[in-house]
There are 4 protein chains.
Amino acid sequence: MSGIRIGVIGAGNMGADHVATLHRHVSGAEVTLVADIDKERAASVAGTVPGARATDDAYAVIDDPEVDAVVIASHDTTHADLSVAAVRAGKPVLCEKPLAPTLEECVRVVREERRAGGGLISLGFMRRFDPAHTQLKSAVSAGECGSPLLVRCVSRGVSSAPGCTDELSITGSAIHEFDTVPWLLDSPVTEVSWHAPRSTAAVSGFRDPQLILLRTADGALTTVEVFLNARYGYDIRCEVVGEHGTVALTHPARIVADSARARSSGYPADWRPRFADAYRLELQAWTDAVRSGAASPMATARDGLVASAVAGAVIASMEDGGKTIPVQVPEV
Amino acid sequence: MSGIRIGVIGAGNMGADHVATLHRHVSGAEVTLVADIDKERAASVAGTVPGARATDDAYAVIDDPEVDAVVIASHDTTHADLSVAAVRAGKPVLCEKPLAPTLEECVRVVREERRAGGGLISLGFMRRFDPAHTQLKSAVSAGECGSPLLVRCVSRGVSSAPGCTDELSITGSAIHEFDTVPWLLDSPVTEVSWHAPRSTAAVSGFRDPQLILLRTADGALTTVEVFLNARYGYDIRCEVVGEHGTVALTHPARIVADSARARSSGYPADWRPRFADAYRLELQAWTDAVRSGAASPMATARDGLVASAVAGAVIASMEDGGKTIPVQVPEV
Amino acid sequence: MSGIRIGVIGAGNMGADHVATLHRHVSGAEVTLVADIDKERAASVAGTVPGARATDDAYAVIDDPEVDAVVIASHDTTHADLSVAAVRAGKPVLCEKPLAPTLEECVRVVREERRAGGGLISLGFMRRFDPAHTQLKSAVSAGECGSPLLVRCVSRGVSSAPGCTDELSITGSAIHEFDTVPWLLDSPVTEVSWHAPRSTAAVSGFRDPQLILLRTADGALTTVEVFLNARYGYDIRCEVVGEHGTVALTHPARIVADSARARSSGYPADWRPRFADAYRLELQAWTDAVRSGAASPMATARDGLVASAVAGAVIASMEDGGKTIPVQVPEV
Amino acid sequence: MSGIRIGVIGAGNMGADHVATLHRHVSGAEVTLVADIDKERAASVAGTVPGARATDDAYAVIDDPEVDAVVIASHDTTHADLSVAAVRAGKPVLCEKPLAPTLEECVRVVREERRAGGGLISLGFMRRFDPAHTQLKSAVSAGECGSPLLVRCVSRGVSSAPGCTDELSITGSAIHEFDTVPWLLDSPVTEVSWHAPRSTAAVSGFRDPQLILLRTADGALTTVEVFLNARYGYDIRCEVVGEHGTVALTHPARIVADSARARSSGYPADWRPRFADAYRLELQAWTDAVRSGAASPMATARDGLVASAVAGAVIASMEDGGKTIPVQVPEV
């Protein structure tokens, strides 16, 4: 069984990270082609992999005979069209979240994929592969805390990207939790409400932090805090409170220091150190599935559609003064 | 300066605990009289203190010439009348929370106290004396996390008392947080909303856990989780998230054990070990104030009125499907 | 039962701390007289307690008719003579450790005390009253880790007092562990050896840190690290490793902060915050015993003699290149 | 650049683990041949890798034209001969520790390797690749704790392998620390002494736990606790105490649970979960070096010789009542 040849579309932070991980840490994967609208950037990233070529044409990646499978890490607005092109070409595709910026486009992609036979799109909700999150899910499933009643998710970062808006905070960041929570509880989100304190003085132009309540079909209630400009570090927390106990992620620092009247351990500045293993294991699992022809263990296009439907309900609540809004997943 | 002679009304768990603490750990306090409607119980508790007498008449305590100050730890429904009698007698009184079960009665007590000159009633919001909570407040005040934006409070217990109801969970337990949060932030609660997941199967007849959102005048948003039947232990948490960091209570275990594939540290079964220091320091501070004639550093009757007003708004939200309800503190 | 009247000899840091604790936090104790060779210092400390008097004559405290019991917190070299004077006067005495700087003097004190009937001297090994240490002992005794095999003690401080020497590091600091370990294990120290790395550049003139091995009669092996100039904070650790698990002290911080890429919790600058409860509970237990005529639950003069014998063996090992030295406790 | 073809000698726990890691998680490595004296075991492990063959002849692996590089994970007593055969065949070899059971054999291997041009042998001290240990080393090197003075290493396991002896505990387990400590401090071990409490009742026939003191050329003093039958879990600790602070490994649990009056997090039953990343990163780094022709970043044969020299000195101390023994590394 030889390795699979992978084309990566998008050579920004995320695409470059995927190329490096595939090349250096994934067994059975070979990056053969890298695309970016900035051809120099594509060439620079391709240059890190012996034998890899560069292009500024995303569709050329999909059509290339030396590309067995495609990773889409370009701008969110391109995800839908590229995914559709890939499934039409019959190639497995790992698309970064979100599947598409709008629910309508998500529906279109899911339909096109089904038309092509289904099962070709894997969505990059990498937390499903984070060892801490998978242990958390195993513990919950094993009944270690009893039936879940409350979940508390926290996503904090150092600073938001330029141009961030209230909505992007939901569709770009909180959306991870909209996939993680139902995956963790094995129960879909049924209604949501949006809340916020006054915003931090560190930003202007959008609400930060935000606090979202999610109700799932199992009757559990989840709070999701998203705070993009928390300043102190990149910090992902999750606690599940059940009928006779709790299970939670730990602070994942590997070393602790005593210095200057304090015992302390570090936070990373961004998601890369925190989720490096998750991305590696996700890419390995996807590569293994593509090589063996097995079903991908990743989130599906429909999972992406569902998460976008939750995001849509949250934004509707935000626009309606925090009213409770039911989640409506379009029939596809 | 000689010690003060204290009469304790109520010889249940709380009253007995106060008697033991005053007698064994508070400097300058002498318990001289213990009252309980069950005279045997009064006698049993009084018997632990050399020289202390027992009675089944609460008002006899207030009138007793050998009682300089009164502790009220009897049933919640007696707090208002006994407090009023004590202030009319001109005696300092430490009343367990709540000041009274209804807002109307709270108003009456505050008015009676003012009529008597004010400053005689101290309310037993003992968390203000818990070393962990006072350190938390100091850190917040010192700006260690920046201006507060979000607060997360958790109050979990092993099991609820018989006869607990949705409302008692609010007025008896959550009310601690309704005092703690504005004290911590130095900002009053302005509006609230009530939420809950499905209830734990461990109880029937009332909602447990409950989740309350509090908005304070400073713009911060607080979540209060109250879970009386959390089963695993008595667990009080508080985290303040500010503009550049967080401050939170730690898990207060003093020892940690490795055994049977786990590293673990204990939770107490109830509030006594957790707040023993808080009660001791509260009683010491009150004793010192009474002895020296200084103003009590404890919560006031008005603080009790305000906390009850918050509790009333939360119950109104509960009864109105989780609607956001403004807090209205009666003019007194 | 009225309170006991206490005279405190020594108004330095330790004596002043005892006066404050007795006056403000101990039930049933009244400080009536404070002595110091610096009479102004005595007066200043006595001035914090209404009704207390000051003197520069330590023996006047012992003889004073308004002194029921004596606390000795003066210079180490005065402990033996003052203790002997107190027992001859038939007054209970709480003597700060060490009982005496030399083993010979310790023997003399123990003999004098026995001659006076015994049971009058309590030695200030306050760790026996530290809630963390007592929980540790309870857990070990309850078999939570199985029979102890290894113990690891760490005593670190910010900086040493002026004039510190190799020996003072042993007789002034490590000696706490020489009492704690046999108390914890319920087994005496039988042999010792002394070791050290190169010293920290922060001091000159003595060895710091030092590492001591203690063997107890039960066959367990203990390492004691004493590092007076560890700089980062005052930090006391203890771990007991048994046949099927471990029990250890936790880092006792009550709050934790996230800030500037780190999660951190504080260390105190010295022993006062760390052992405030231990001193309070020790003084309360001693006061209770004196009032009731019960035996003191504190360490005895003989315990002090034994600890000094261990210290002597450690110093002998230090002077003999780290050789293993048996502990010889003089017959008294 | 195509992948390298690897032959693995030894299909026990360790060999099987290496095969699985190379096949499933290492980029650019292909397992082509697996040897074991038990041919069925070899076949069973080879059967997990498409295309891999099995043999019961270890030397056939070294001679095989489809083997570019060799992993030796067979019995300790075979390491020397197989390593020598591999270097004579000019093939890079990753040899599990120890390099050889005796110092004499270690010397022979190092000489043979030098004769063959050097640089062909990499020794499996995988802790050098453990992310926690590499972060610890980085922190120490960056001066986060100041110049190291004391190091505390703890290696605890659930139970020892059948047939374990006092010496095997040193040469098989403690030897990891004999490599880790000088690597961490960048300073060789110069003298050692051996100590032990009474042994745990869980085993008979050998001393467990053992406590070893190591002195390094930089003047630091290290304690190494090896406790193979600690029962509660597999637990590796390391703390470096420097002139103004400390750095230490954390307990590496990813999740924490509250249940039954305790907050707890797990320990693994053996080394596999703890060091899975270390082995993966070691094998990846070795594969990368072999592919690119760069020098291996792993421990060298000489590092293995040095660790064995330390082990020899420790055993000499054990046999001589705990005397301090200088480490003598043979000239090669």
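Keep in mind that what you see is a predicted model, and the values were worked out from it rather than measured.

## Let's talk about the domain arrangement of chain A
All names here are of chain A.
- One can read the domain layout of chain A as domain 1 (4-127 + 275-299) and domain 2 (128-274 + 309-326).
- The C-alpha-based centres of domain 1 and domain 2 are spaced at 26 Å.
- The interface of domain 1 with domain 2 comprises 21 residues on the first partner and 21 residues on the second.
- For the pairing of domain 1 and domain 2, the buried interface totals around 1900 Å² over both sides, and the portion due to carbon and sulfur atoms is 62%.
- Summed over the three residues of domain 1 that lose the most area to domain 2, namely Phe 125, Arg 127 and Phe 275, the buried surface amounts to 46% of that side.
- Here domain 1 is connected to domain 2 by 1 salt bridge.
- The closest approach of N and O atoms between Arg 127 and Glu 177, which form a salt bridge, is 2.9 Å.

## Overview of the relation of the copies chain A and chain B
- If you rotate chain A by 180 degrees and push it 0.0 Å along the axis, it lands on chain B with an RMSD of 0.0 Å. The transformation relating the two chain copies, once decomposed into turn and shift, fits a two-fold axis.
- Taken together, the interface assignments show that 100% of the residues at the interface of chain A recur at the interface of chain B, consistent with an identical surface on both copies.

## Some remarks on the relation of the copies chain C and chain D
- Mapping chain C onto chain D leaves a residual RMSD of 0.0 Å; the transformation is a rotation of 180 degrees accompanied by 0.0 Å of translation along its axis.
- When the interface residues of chain C are mapped onto chain D, 100% of them again fall at the interface, so both copies present the same face.

## Details of the packing of helix H6 (residues 131-141) of chain D against helix H7 (residues 166-185) of chain D
Residue and element names in this part refer to chain D.
- At a minimum axis distance of 9 Å, the contact between H6 and H7 shows a crossing angle of 35 degrees. Along its contact with H6, which presents His 133, Thr 134, Leu 136, Lys 137 and Val 140, the element H7 presents Thr 180, Trp 183 and Leu 184.
- Split by residue class, the contact of H6 with H7 holds 4 nonpolar, 3 polar and 1 charged.

## Observations concerning the packing of aromatic side chains
- Enumeration according to the criterion identifies 12 aromatic pairs over all chains in this entry.
- Ring centres 5.1 Å apart and planes at 70 degrees place the aromatic pair Tyr232(A) and Tyr267(A) in the edge-to-face group. Of this pair, Tyr232(A) sits in the loop between strand S10 (221-227) and strand S11 (235-242) while Tyr267(A) sits in the loop between strand S14 (262-266) and helix H8 (271-292), and the two are 35 residues apart along the sequence. Taken individually, Tyr232(A) and Tyr267(A) each receive the classification buried, so the pair is uniform in this respect.
- Sitting over the ring of Trp271(C), Arg272(C) keeps its end group 5.2 Å from the ring centre.
- If you follow Arg274(D) out to its NZ or CZ, it ends over the ring of Phe275(D), 4.5 Å from the centre.

## Section: the UniProt feature "domain: Gfo/Idh/MocA-like oxidoreductase N-terminal" (unreviewed entry) in chain A
- Taking the numbering used here, the UniProt-annotated feature "domain: Gfo/Idh/MocA-like oxidoreductase N-terminal" (unreviewed entry) corresponds to residues 4-117 of chain A.
- Across residues 4-117 of chain A, helical content stands at 44% and strand content at 20%; the span's end C-alpha atoms are separated by 21 Å.

## Examining the interface of chain C and chain D
- Opposite the 36 residues of chain C that make contact, chain D presents 36 residues.
- Interface area lost by chain C to chain D is led by Leu149(C), Arg198(C) and Glu243(C), which between them contribute 22%.
- The interface formed by chain C and chain D contains 8 salt bridges.
- Its salt-bridge partner being Glu239(D), residue Arg152(C) comes within 3.9 Å of it at the nearest N-O pair.
- Where chain C packs against chain D, one counts 14 residue pairs in polar contact (both at pLDDT 80 or more).
- Taken together, the elements giving at least two residues each to the side of chain C that touches chain D come down to strand S7 (148-156), strand S9 (210-216), strand S10 (221-227), strand S11 (235-242) and strand S12 (245-249) of chain C.
- No other element matches S7(C), which puts 5 residues into the side of chain C that touches chain D.

## Quick word on the environment of Arg207(C)
Residues and elements named next belong to chain C.
- Tracing the chain through its elements places Arg 207 in the loop between strand S8 (189-195) and S9.
- Note: C-alpha distance between Arg 207 and Ala 196 (11 residues apart in sequence) is 7.3 Å.
- Among all residues touching Arg 207, those that are not within four sequence positions of it are Asp 166, Trp 194, Ala 196, Pro 197 and Ser 199.
- At 3.5 Å, the side chain of Arg 207 and the backbone oxygen of Pro 197 are in polar contact.

Criteria and thresholds
- Residues numbered from 1 in each chain as written.
- Chains lettered and ligands numbered in written order.
- Predicted model: local features only at pLDDT ≥ 70, side-chain atom pairs only at ≥ 80, totals over all residues.
- Heavy atoms only, no water.
- Domains from an automatic or database assignment.
- Contact = heavy atoms within 4.5 Å.
- Buried area = accessible area lost by both parts, 1.4 Å probe.
- Salt bridge = Lys/Arg side-chain N within 4 Å of Asp/Glu carboxyl O.
- Least-squares fit on C-alpha atoms with pLDDT ≥ 70 in both.
- Axes fitted to C-alpha atoms, helices over the stretch in contact; angles between N-to-C directions.
- Helix = DSSP H or I, 4+ residues; strand = E, 2+ residues; numbered from the N terminus.
- Nonpolar A, V, L, I, M, F, W, Y, C, P; charged D, E, K, R; others polar.
- Phe/Tyr/Trp six-rings, centres within 6.5 Å; stacked < 30°, edge-to-face > 60°.
- Buried < 20%, exposed > 50% of the residue type's maximum accessible area, 1.4 Å probe, protein only.
- Lys NZ or Arg CZ within 6 Å of the ring centre and 35° of its normal.
- UniProt positions renumbered as here; feature names shortened; annotations may be inferred.
- Polar contact = N/O pair within 3.5 Å; in protein donor to acceptor, adjacent residues only side chain to side chain.

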